[in-house]
Structure formats: structure tokens, C-alpha cells
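# Reading the structure
Read off the chains here:
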Amino acid sequence: MKPDVPIYNYRCVDRSLLVGPFCRYFVRWFVVWVPPGIPANLLTLGSSACMWLMLFLAVTARNVSAIAPWCLLLMAGYVIYDHADGMHSRRTGTSSPLGEYLDHFLDAFHGAIAVVVMFLIAGRADSPLLPILLWAVLVAGAATMVEERERKELYFGLTGPLEAMLLTLFYFASWCRTDTSAWWQVTVVGRITVFDVVMAGGVTGGVLTAAACVRRVGCIPASLLAYMITGAILGIHGVLGGVAWWETALLVILHGGDYTGRVIAGHLRGLRRPWPDFITPVIMLVAWASDAFTIWLTFGLGAYLLARNLVSVSGMFKTFRQFWLWWNVPVCRDAWEDVKPGSAIPS
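Rules and cut-offs
Residues numbered from 1 in each chain as written. Predicted model: local features only at pLDDT ≥ 70, side-chain atom pairs only at ≥ 80, totals over all residues. Heavy atoms only, no water. Core = buried A, V, L, I, M, F, W, Y, C linked by side-chain atoms within 4.5 Å. Buried < 20%, exposed > 50% of the residue type's maximum accessible area, 1.4 Å probe, protein only. Helix = DSSP H or I, 4+ residues; strand = E, 2+ residues; numbered from the N terminus. Contact = heavy atoms within 4.5 Å. Phe/Tyr/Trp six-rings, centres within 6.5 Å; stacked < 30°, edge-to-face > 60°. Lys NZ or Arg CZ within 6 Å of the ring centre and 35° of its normal. Expected span 1.5 Å × (residues − 1). Patch = residues over 30% accessible without salt bridge, like charges linked within 9 Å, V, L, I, M, F, W, Y side chains within 5 Å. Areas by Shrake-Rupley, 256 points an atom, 1.4 Å probe, with all protein chains shown as cover. Salt bridge = Lys/Arg side-chain N within 4 Å of Asp/Glu carboxyl O. Disulfide = S-S within 2.5 Å. Axes fitted to C-alpha atoms, helices over the stretch in contact; angles between N-to-C directions. Parallel < 35°, antiparallel > 145°, perpendicular 65-115°, else oblique. Left-handed = near helix turned anticlockwise from the far one by under 90°.

## Thoughts on the nonpolar core
Formed by 88 residues in total, the largest nonpolar core has its most connected members in M54, M75, V117, L134 and F172. Element by element, the count of residues in this core is highest for helix α4 (residues 97-121), at 16 residues. If sequence neighbours within four positions are ignored, M75 has contacts with M51, M54, M165, T168, L169 and F172.

What follows is the structure, encoded as C-alpha cells:
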């Protein structure tokens, strides 16, 4: 490890009322069957595979609502794996900065994937609420990572990622039956449905999470404010209409993943505060003003943002490559007595 890289010291405060019992009474029974030799990072990748497979099924299915049981199953697998990797890393004594990076960087995409699939199942992918909720979820995740960088401590309140995952599980479960899925389409007022109200509540939750992070930091970092603005610019087409839903989602998600990943990498590698990408939103504004936005521009900007993400990932693997293992060394201790409620730390 380079001398200028900070000593790894993971600190996490989790006020959630559910994480402790969930890890001790549910995830624990999965982890005890995981061979000690399997690296925790592979469990992290397993959780990610569940989400990407769910997205693939939702995008390619002819009848999206019919795959709700599969989404429920894959989401449940993701929830278990996402908490098991940290417990397993603690059990085997292999917690590392690379594991934390993989866990939190991939989560920036996982939350967005869950949102996209929820809208697809409801047949509402063209709703202007989709880019708004994507923006709110990504801003909440970015703000959480910015707070960790500034305060050197990861903080989760009474309602955090686990609660959001469980609500998503409830959502997918409700679409497994016709009588319960119809409830989401019930009109509340005008054209506003129960689905719209719940998704708007998700937007509020994301904004409040970001606001709480800013309050604890004591100010809103300029780079985070810049990300909130640039991310909103990328989502404007989805709100106003005129482009396919996936074009907006693609750019918003890749842009958010790039910024969040660089924040985490900067924190773990001791680099200066990163700024979000400005090139993509500027090009978007120019194309929008000149009515020159095309699908080819979406592909071009998407490829550019994907390259930025890959460069960030490669930099982390280059710096912390010694923490990537294909098989753990033999473990000589049983650390279950150390796995207390709320101790499911990243791998």
C-alpha cells in the first residue's frame, strides 16, 4: 500500500431498529453455511448479480408484471447477500477498504435498479416521477458517502437502507397477486394514484436523508451541491418528456455512480474532494437548447460516463489489489461471538 494512503479504519453508527435483529436472526443462518474460504467480496458481487439479473428480466420481459415473483426472489437474495458479506468478512477477519468500496459503490447502482424495476412492473416507466425518484435516491446515497468522507464516520438513522429494501420486498410481493397489485392503481385524487403517492414519498425520503447528512456535516459541500444540480439537469428530459425513459435513466444512473464512486475512492485513498462530471450536463443543455438531442448522443454520453466509472474502479483495484482474494486463508477462530446486532460491516 502506498505511504500516502490513509490507514483503514471503518467506523459506522447504525441507529436502525431492524438491522441488529435482521442480521442475528435471519442473515446469520445463511452466513454460518458459507465456507470460510470464500472471500466476502464474492458475496458482494453475488448480491450485485441478483440486482442486475432482476433488471435484465424486467427490461426483456413481455409481461413485466408477471415476473414479480422472480423480482421478489432476487430482491430477497440481494438483501441477504448485502448484509452477509459484512458479517462474513468480520467472521473471517478480512474486512478491507476494497470491500467497503465495492459494497458502497455497487449500492449506488442497486438502489437505482430497484426504482427502475418498480416502475417497469407498474407499467409506469414513462412517468416523470421516475427520473425524480432516481435523482433523489442517488443524491441520498451520494450525501451519505460525502458525510462519511467529511466526518470519517458512516451514519445510518432509524430508517435506512434495510428499511428501504424491506419496503421494496413488500412492493414486489404485492404484485404477485392480482387483487393486491390493483391497489397500486387506485385513484387518490384526479389522476394521482396510490403508486404516485408512494413514489413521491420515496422522493421525500431521499431528500430528507440528504438533508440530514448535510446537517450533521454542518454545511453543504460545494461538490455535493454541484452534483445535485448536474444530476437534476440530466433528469430534466425525463420530467419534460420527449425522450425514452431508459435514456434519461441511463445517464442519471451512470452520472450518479461516477460521483459516488469517486467520493468513496477519495475517502479511502486520501485524495482531494472530487467534483461531479460537468461535461455531460453541459452537452445535454446545449443539445436541448438547439433541439439536437438524439439517441446517438445518449449512447455517446453513456459510453463516456461508463468509461469514467471504469477508470475509478481500476484506480481502486490498482491501489488495493492486495485485498482481492480468490480464496481466504484458513480461519483459526470462530468470531460469531463478535457479531453483535448492528455489526454487519462492509467486507
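## A look at the packing of aromatic side chains
As enumerated under the stated definition, the model contains 18 aromatic pairs in all. Between F320 and F323, the aromatic rings sit 6.2 Å apart at their centres with planes inclined by 45 degrees, giving tilted as the arrangement. Take F323: its relative accessible area is 27%, and that puts it in the partly exposed class. Linked through ring pairs, F119, Y171, F172, W175, W183, W184 and F195 together constitute an aromatic cluster. When the ring centre of W29 is taken as reference, the NZ or CZ atom of R28 above it lies at 4.9 Å.

## Section: helix α8 (residues 194-217)
Taking 1.5 Å of rise per residue, 24 residues should cover 34 Å, and α8 covers 35 Å from first to last C-alpha, within 8% of that figure. In this structure, the buried residues of α8 make contact with α4, α5 (129-151), α6 (161-174), β3 (187-189) and β4 (192-193). One or two steps after α8, the chain reaches G218, where phi turns positive at roughly 100 degrees.

## Remarks on a nonpolar patch on the surface
Taken together, the side chains of I132, V239, L240, L285 and W288 make up a nonpolar region of the molecular surface, amounting to roughly 430 Å² of accessible area. Residue assignment for the nonpolar patch shows that the elements contributing at least two residues are α9 (222-240) and α11 (279-289).

## Thoughts on the state of the cysteines
On inspection of all chains with the given rule, the structure shows zero disulfides. Free of any disulfide, C23 has its nearest cysteine sulfur in C12, 11 Å distant. Looking at the unpaired C71, the closest cysteine sulfur is the one in C176, lying at 8.5 Å. Residue classification places C71 among the buried residues on the basis of a relative accessible area of 0%.

## Brief notes about the side chain of T298
Mapped onto the fold, T298 is located in helix α12 (residues 295-319). On the accessibility criterion, T298 (0% relative accessible area) is buried. If sequence neighbours within four positions are ignored, T298 has contacts with W246, E247, L250, L251 and F293.

## Quick word on the pattern of salt bridges
As enumerated under the stated definition, the model contains 10 salt bridges in all. Of the charged contacts in the structure, one is a salt bridge between D196 and R124, with a shortest N-O distance of 2.8 Å. You can see D196 sitting in helix α8 and its partner R124 sitting in the loop between α4 and α5, a full 72 residues away along the chain. Residue D196 is classed as buried on the basis of its relative accessible area, which comes to 10%. Here D258 ties to R308 by a salt bridge, and the two come within 2.9 Å at their closest N and O atoms. Note that D258 is positioned in helix α10 (residues 245-269) and R308 in helix α12, a separation of 50 residues in sequence. A single network of salt bridges, built from pairs that share partners, joins R11, E147, R151, E153 and R216.

## Re the packing of α4 against α6
As a packed pair, α4 and α6 sit with axes 11 Å apart at the nearest point and diverge in direction by 20 degrees. Classed by the angle they form, the pair α4 and α6 counts as roughly parallel. Note on packing geometry: the crossing formed by α4 with α6 is left-handed. Between α4, through A114, V117, M118 and I121, and α6, the contact on the second element is made entirely by T168, Y171 and F172.

So yeah, pure geometry; function would need other evidence.
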